[in-house]
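Listed here are the chains, written in short residue letters.
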Amino acid sequence: MTATTSSDPSRNEPSRVSRPLPGHQVRLGRERPLRLDCGVELVDFTVAYQTYGRLNADRSNAILVCHALTGDQFVAEPHPVTGKDGWWHMMVGPGKVLDTERYFIICANILGGCMGTAGPKEINPATGKPWGLSFPVISIADMVRAQAMLVDHLGIDNLFAVTGGSMGGMQVLEWAALYPKRVFAAVPIAAAAHHTAQNIAFHEVGRQAIMADPDWHGGDYAARGARPHRGLAVARMAAHITYLSEKALQEKFGRKLQNRAAVTWGFDADFQIESYLRHQGSTFVDRFDANSYLYITRAMDYFDLAERYGGVLANAFRGTATRFCLISFTSDWLYPTEESRKIVHALNAVAANVSFAEIVSDNGHDSFLLDEPEFHRVFEGFLDGAAEHRGLPRKNGR
Amino acid sequence: MTAPSHERAGAQTNISRAMRIDLQLIADMIEPRARVLDVGCGDGALLEYLATFKQVDGRGIELSMSGVNACISRGLSVIQGDADTDLKDYPDDAFDFVILSNTLQAMVAPRDVLGHMMRIGRHAIVSFPNFAYWRIRLDFLFGGRMPKSDLMPHEWYDTPNIHLCSIKDFVALCGEMGFRVERSLSLDSSGRARGIGAGFFTANLFGEQAVFLLTK
């Protein structure tokens, strides 16, 4: 199997998905099924992915980017549904931190997602109907195992780096734990090694909002030609608040009114923040599937990396040769610095090679998606140092 | 992280010119290709020197974000952390050398920090300003106020240096903790290094700072 070296739609794998998506799609698990944590074996499933840059001759410059809860494989190009910039366009591209002139960037839609990878929205090959709630419950580790099958398919033994923020960071940690010899460098950003009660609580609010929508139809809305827009929008609104910081919200919106001089004494979006959240909710439903939201939030809630290792997080990394760089943000209260620090302590306990920086930012959890020069500098510095150790050329051919 | 400990890094940058000498002496004590942990590594100047000229496998701990970011951006492995609390997370004998340059006096529990350094490393290298230096003695004797110097430029009420000691004090502590002093140097005000040992009294009086290489 030759590795793909650019986003060339003509090299697409055969697709089972009727809706045409730009980029690549591959069918995996036909010879060897993917055994999920819930016990189910997934046979013959699709993974949709994008690549940027070129794989070098000795296949040593591949970086896997893991997306967050509502992200997808369109990391550095306009989104095919919304037309908006890729979610990490600031990070991925020529001369950028994830420099596509030096690195081969791979980003796949996660298992359970809704942009071409097997998930509740896709057709179950066994029945010819959408999976819906009959899709097996998946874990973060399952997502990573599916990614590993994709990386195999691309003919890559060792990834130079695996990186991602938020849930993407959880996948990075799973990669380092499950496949330590395949990950040269790991950069989990604004992440945690487990979901806290507060994290689970917010997700449960979102799931209940979706399931309370009469258009949800017990998850079978596709067959009834309906979509639980309202529930999904509320779920997005609640989650969106957790991605921001109180300070940023106050500075941006305060108690400012939306296109009016006084409150209306009703339930319109009087305040700008209300209008903003409604907008976030309504645009989200155009590009995301409600059942996917249920499955992915569940996978995050079940995530507890230490659990598999006798409750001792350090055991997940024992003997690792991976170079780690953890990055957190001061105003992130969803996955606060303390959670990153726990991972650092676990890595220290096994004498792993680890760097850690907490970036001062007012932008909350979402900081990893935004223009944060210090974050970019640290990330690039780490990658550059790792590249030198990996025998890859440094920036500007140094 | 406490406010005073944040100033530790500041204290180091203030004395960066004087630091160069003790950093060089420390670097000279380190074997090529050793595993090194630099506690309070600042902007990573020593780690970078060791990586470049001695091919060491280096790690750092630094409290200040500016220091950490400077280090990582230079390709060094550094974590943001506090020596007073974070050293306990490292396993026994993980490093060949654990370095504490001009930071001991700013530790909340210097004895514990030294204990952890010797537990984590085969060797510890410690440099510190000597509080028994003659100018400091004279300052206090005739001035009657808390002494200040290039190495300790802070006012008594905002100094990060909370556990100052003399060369004599440090040697006594090492004896008490059962650490062997493998090498020791004192630096006079012009940066000349002299071996401590036979000239113990002289070193304690004329050494402005000291560098110790300790072994279990």
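Keep in mind that what you see is a predicted model, and the values were worked out from it rather than measured.

A.B. asks: Explain the overall build of chain B to me, using residue names and the numbers behind them.
C.D. replies: Across its full length, chain B carries nine helices and eight strands. Expressed as a percentage of the 216 residues in chain B, the buried residues total 55%. Considering only residue pairs separated by 6 or more positions, chain B has 69% of its internal contacts joining residues 24 or more positions apart. Element-wise, carbon and sulfur atoms account for 55% of the exposed surface of chain B, whose accessible area totals about 9,400 Å².

A.B. asks: Account for the confidence of the model for chain B, with residues named and values stated.
C.D. replies: Low pLDDT marks stretches whose predicted atomic positions should not be read closely. All names here are of chain B. Taken as a whole, chain B shows an average pLDDT of 87; of its residues, 90% reach a score of 70 or greater. The element-level mean pLDDT for chain B is lowest in helix α1 (residues 3-14), coming to 37, with strand β1 (residues 35-39) highest at 97. The low-confidence segment residues 1-19, where pLDDT is below 50, has 35 contacts with residues more than four positions distant or belonging to other chains. If you check the scores for this complex, the pTM reads 0.90 and the ipTM reads 0.83.

A.B. asks: Please provide a residue-by-residue account of the confidence of the model for chain A, values included.
C.D. replies: Per-residue pLDDT for chain A has a mean of 93; in total, 94% of the residues score no lower than 70. Per-residue pLDDT stays below 50 along residues 1-18 of chain A; that stretch engages in 43 contacts with residues further than four places along the chain or on separate chains.

A.B. asks: Hey, could you go over helix α3 (residues 197-212) of chain A for me, with residue numbers and the actual values?
C.D. replies: An α-helical turn contains 3.6 residues, so any two residues separated by three or four positions project in the same direction. Residue and element names in this part refer to chain A. End to end, α3 covers 22 Å across 16 residues, agreeing with the expected 22 Å (1.5 Å per residue, within 8%). Turning to α3, its buried residues number three or more, namely N199, H203, G206, R207, A209 and I210. In a view along the axis of α3, the buried residues occupy a sector of 155°, so they form one face of it. Along α3, the residues that are exposed and aim more than 90 degrees away from the buried face are A197 and A212. The elements touched by buried residues of α3 are α4 (229-243) and α7 (290-302).

A.B. asks: Talk me through the interface of chain B and chain A; I want residue IDs and the actual numbers.
C.D. replies: Each partner contributes residues to the interface: chain B has 21 residues there, and chain A has 23 residues. In total, about 1,800 Å² of surface goes out of reach between chain B and chain A, with carbon and sulfur atoms giving 49% of it. Of all residues in chain B, B:M65, B:I72 and B:Q80 bury the most surface against chain A, accounting for 28% of the area lost on that side. For the interface between chain B and chain A, the tally reads one salt bridge. At the boundary of chain B with chain A, the tally comes to 12 residue pairs in polar contact (both at pLDDT 80 or more). Those elements that place two or more of their residues in the side of chain B that touches chain A are β2 (57-62), α4 (65-73) and β3 (77-80) of chain B. Considering each element in turn, the side of chain B that touches chain A owes the most residues, five residues, to α4(B).

A.B. asks: Hey, could you go over the packing of α4(A) against helix α6 (residues 272-287) of chain A for me, with residue numbers and the actual values?
C.D. replies: All names here are of chain A. In the contact formed by α4 and α6, the axes pass within 8 Å of each other and the chain directions differ by 125°. With respect to their mutual orientation, α4 and α6 come out oblique. At the point where α4 passes α6, the crossing takes the right-handed sense. Packed against α4, whose contacting residues are H229, L232, A233, R236, M237, H240 and I241, the element α6 presents Y276, L277, R278, Q280, G281, S282, F284, V285 and R287 at the interface. Grouping the constituent residues of the contact of α4 with α6 by class yields eight nonpolar, five polar and three charged.

A.B. asks: Provide a residue-level description of the pairing of strand β14 (residues 353-359) of chain A, including the pertinent values.
C.D. replies: All names here are of chain A. Here β14 lies mainly inside the structure; seven of its seven residues are buried. Alternating positions in β14 separate into two faces, N353, S355, A357 and I359 on one and V354, F356 and E358 on the other, with burial throughout. The pairing of strand β13 (residues 323-329) with β14 spans seven bridges and is classified as parallel. Counterpart to R323 in the pairing with β14 is N353. Read from β13 through helix α8 (residues 337-349) to β14, the crossover connection turns out right-handed.

A.B. asks: Would you mind going over a nonpolar patch on the surface in detail, with residue names and values included?
C.D. replies: All names here are of chain B. Together, F140, M146, W156 and Y157 make up a nonpolar patch on the protein surface, roughly 540 Å² of accessible area in all. Checked against the element boundaries, M146 lands in the loop between α7 (134-143) and α8 (167-177). Relative accessible area serves as the criterion here: at 49%, M146 is assigned to the partly exposed category.

A.B. asks: An account of the packing of α3(A) against α7(A) is requested, with residue identities and associated values reported.
C.D. replies: All names here are of chain A. For the pair α3 and α7, interaxial distance at closest approach is 10 Å and the crossing angle is 160°. Between α3 and α7, the crossing angle belongs to the class labelled roughly antiparallel. Considering the relative orientation of α3 and α7, their crossing is left-handed. Here N199, I200, H203, R207, I210 and M211 of α3 come into contact with α7, specifically with A290, Y293, L294, T297, R298, M300 and D301.

Each value, and the rule that gives it
Residues numbered from 1 in each chain as written. Chains lettered and ligands numbered in written order. Predicted model: local features only at pLDDT ≥ 70, side-chain atom pairs only at ≥ 80, totals over all residues. Heavy atoms only, no water. Helix = DSSP H or I, 4+ residues; strand = E, 2+ residues; numbered from the N terminus. Buried < 20%, exposed > 50% of the residue type's maximum accessible area, 1.4 Å probe, protein only. Contact = heavy atoms within 4.5 Å. Areas by Shrake-Rupley, 256 points an atom, 1.4 Å probe, with all protein chains shown as cover. pLDDT = per-residue confidence, 0-100. Expected span 1.5 Å × (residues − 1). Arc of directions from axis to C-beta. Buried area = accessible area lost by both parts, 1.4 Å probe. Salt bridge = Lys/Arg side-chain N within 4 Å of Asp/Glu carboxyl O. Polar contact = N/O pair within 3.5 Å; in protein donor to acceptor, adjacent residues only side chain to side chain. Axes fitted to C-alpha atoms, helices over the stretch in contact; angles between N-to-C directions. Parallel < 35°, antiparallel > 145°, perpendicular 65-115°, else oblique. Left-handed = near helix turned anticlockwise from the far one by under 90°. Nonpolar A, V, L, I, M, F, W, Y, C, P; charged D, E, K, R; others polar. Pairing = 2+ DSSP bridges. Right-handed = clockwise from strand over helix to strand, strands pointing away. Patch = residues over 30% accessible without salt bridge, like charges linked within 9 Å, V, L, I, M, F, W, Y side chains within 5 Å.

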